[in-house]
Amino acid sequence: KHEHVQRGTLAERGRQSFLSVLPFGHCYRFIAVSGAGVSDLDLALFDANGVEIARDVTEDSNPDLGITASICPAEPSQYRVEARMRRGHGDFAFGVFHSE
């Protein structure tokens, strides 16, 4: 099920952060897609205390978090998702999806 979609544009080595409140009772996945000028886009997820709890380390233009191990908050909490343009530049979008 679709939660929301965020969009951004980054230059190479650029970073952009987005805040997301994840309600309790679901598990979440973060999936990004990017345009033709992007070679390597990464996502990182930080909890309310600024601690990194998940990071995409693949070298591709479509990163994801929570595909192999879903992110399941123990309580409602605010999270920060950071998009990091490792190689290339251009537009991207990412969505937050939750289980039923």
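Along each chain, the written sequence defines residue order, and numbers are assigned to residues from 1. Only residues with pLDDT of 70 or above have their local features reported here, since the model is predicted, and side-chain atom pairs are shown and tallied only from 80 upward, although totals for entire chains, interfaces and linings are computed over all residues. Hydrogens and water are ignored here; the side-chain numbers use all heavy atoms of the structure.

Chemist: Would you mind showing me how to read the side chain of D56 here?
Modeler: Secondary structure elements are defined from DSSP: runs of H or I of at least 4 residues count as helices, runs of E of at least 2 residues count as strands, and each element is numbered from the N terminus. One can find D56 in the loop between β5 (52-55) and β6 (64-65). We call two N or O atoms a polar contact when they sit within 3.5 Å, provided that within protein one can donate a hydrogen and the other can accept it, with sequence-adjacent residues counted only if both atoms are side-chain atoms. A distance of 2.9 Å separates a polar atom in the side chain of D56 from a polar atom in the side chain of T58. Apart from residues lying up to four places away in sequence, D56 is in contact with L41, D42, L43, P63, D64 and L65. Note on definitions: a residue-residue contact is assigned when non-hydrogen atoms from the two residues lie within 4.5 Å.

Chemist: Help me understand the sheet that holds strand β2 (residues 15-22), please; the structure alone is not making it clear to me.
Modeler: Note on sheets: strands pair through backbone hydrogen bonds, and any given pair is parallel or antiparallel. Two strands qualify as a pair provided DSSP detects at least 2 bridges between them. Read from one edge of the open sheet, 4 strands run β2-β7-β4-β5, paired in antiparallel fashion. Every other strand in the sheet has two partners, leaving β2 and β5 as the edge strands with one partner each. Strand-to-strand twist in this sheet, taken as the mean axis angle between neighbours without regard to direction, amounts to 25°. Of the strand pairs in this sheet, β2 and strand β7 (residues 77-88) are connected by 8 bridges, and their pairing is antiparallel. The partner of F18 across the bridge, within β7, is V81. Between N-to-C directions, angles cover 0 to 180 degrees, with each direction set by a line fitted to C-alpha atoms, over the stretch in contact for helices.

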